Amino acid sequence: MINFFYEISNFSIQNESIFIQSICIILKNEGKNVGNINYIFCSDNYILNINKKFLRKDYYTDVIAFSGFDEKKKSIYQEISILA
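Below or above, wherever it landed, is the structure these notes cover.

Let's talk about the packing of aromatic side chains
Geometry of an aromatic ring pair is reported as the spacing of the ring centres plus the angle between the planes.
Here comes step 1: Within this structure, the stated rule accounts for eight aromatic pairs.
Here comes step 2: Arranged with centres 5.7 Å apart and planes meeting at 20°, the rings of phenylalanine 4 and tyrosine 39 form a pair that is stacked. Taken together, the residues span a long stretch of sequence, with phenylalanine 4 in strand 1 (residues 2-6) and tyrosine 39 in strand 2 (residues 33-42) at a distance of 35 residues. For the pair phenylalanine 4 and tyrosine 39, a shared accessibility class is recorded, and that class is buried.

Laid out in C-alpha cells, this is it:
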C-alpha cells in the first residue's frame, strides 16, 4: 500500500493514482512488490525534528528515508519524509 501524508497545508500531489501506478510499475519491473510505502510531505521543522530524533543530526535536509525489504515476499517498506 502506498500512502501520502501532508504535514503542511499548502502542498498536495495532483493525481496521486498516477504516481502510485508509476511506483508499482517500477517495482514490478525490478522484481519487487509494494509492501507499505509512506510519503510524508512536510515543513522544515518537521524534517529537522526527524533528523534530530532518529539520525542525531542537527541540521535541515530535503529528504529522509527509512527503508526495509522483506526477502520472502520481495516487498519494499519505506517511510520517506520530503521537504515540500
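Okay, back to it.
What to know about the pairing of strand 4 (residues 75-83)
Here comes step 1: Bridge analysis of strand 2 against strand 4 gives nine bridges, and the strand direction is parallel. Note on strand 4: the bridge partner recorded for isoleucine 37 is glutamine 78.

Each value, and the rule that gives it
- Residues numbered from 1 in each chain as written.
- Predicted model: local features only at pLDDT ≥ 70, side-chain atom pairs only at ≥ 80, totals over all residues.
- Heavy atoms only, no water.
- Phe/Tyr/Trp six-rings, centres within 6.5 Å; stacked < 30°, edge-to-face > 60°.
- Helix = DSSP H or I, 4+ residues; strand = E, 2+ residues; numbered from the N terminus.
- Buried < 20%, exposed > 50% of the residue type's maximum accessible area, 1.4 Å probe, protein only.
- Pairing = 2+ DSSP bridges.

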